[in-house]
Amino acid sequence: MNDNPKILSTEEFEKRFGTAFVPDEEPRELDPETMNGESWARIPTPVGWRILVRPYSGAAISKGGIHLAKSGTAKEALATVIAKVLKVGPQAYADHKKFGTEPWCKEGDWVVIGKYAGARFRLYFDTGENPEVRMINDDEVIGRILDPDDVRTL
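Residues numbered from 1 in each chain as written. Predicted model: local features only at pLDDT ≥ 70, side-chain atom pairs only at ≥ 80, totals over all residues. Heavy atoms only, no water.

1. Focus: the pattern of salt bridges
Argument step 1. Scanning the entire structure with this criterion turns up three salt bridges.
Argument step 2. Taking the shortest distance from any N to any O, the salt bridge between Asp139 and Lys98 comes out at 3.0 Å. One end of the pair, Asp139, is in the loop between strand 5 (132–137) and strand 6 (141–145); the other, Lys98, is in helix 4 (residues 96–99), and 41 residues separate them in sequence.
Argument step 3. Residue classification places Lys98 among the partly exposed positions, given a relative accessible area of 46%.
Argument step 4. In this structure, Arg134 engages Glu132 in a salt bridge whose closest nitrogen and oxygen atoms are separated by 3.6 Å. For the pair Arg134 and Glu132, one class covers both residues: buried. (Salt bridge = Lys/Arg side-chain N within 4 Å of Asp/Glu carboxyl O. Helix = DSSP H or I, 4+ residues; strand = E, 2+ residues; numbered from the N terminus. Buried < 20%, exposed > 50% of the residue type's maximum accessible area, 1.4 Å probe, protein only.)

2. Details of the pairing of strand 5
Argument step 1. Within strand 5, five of the six residues are buried, which leaves the element mostly enclosed by the surrounding structure.
Argument step 2. Both strand 1 (residues 50–55) and strand 5 contribute to a ladder of four bridges, which runs antiparallel. Its bridge partner being in strand 5, Ile51 is matched across the sheet by Ile136.
Argument step 3. Judged from the four bridges that link them, strand 4 (residues 119–122) and strand 5 form a sheet pairing that is antiparallel. Directly across from Phe121, in strand 5, lies its bridge partner Val133. (Pairing = 2+ DSSP bridges.)

None of this, on its own, says anything about what the molecule does.
Here is the structure:
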């Protein structure tokens, strides 16, 4: 038995398994601290009371160490109710009669949203990444959570 398995290139993996997804590649988060300033500036800025969120796509590796197919994690992302807040519009939670004095969420929070909430679209970068994001209204946030893996969709 070989203790040092060969790491396949993207091309070799695609020939063997019919997909360009390489399990060793983890999807990168859209985060201003990990992206250069120009890339972060190209991400849409919500206006008014809107919030830009990125749906949680789930883990790429199961708890048992099995690499999950990209198609499966893509379906999970489509139906997810969990999202990370990327940017908050300038008037979000400004109506204190409706929301109280504390905002329901802030940038970097994990939130629960409606399954079909918001306008969905993809971002395209020179790196080949094309993450889905959603633009939601401030009142479409249902709750906050600490860990996105604590919640599963039905």
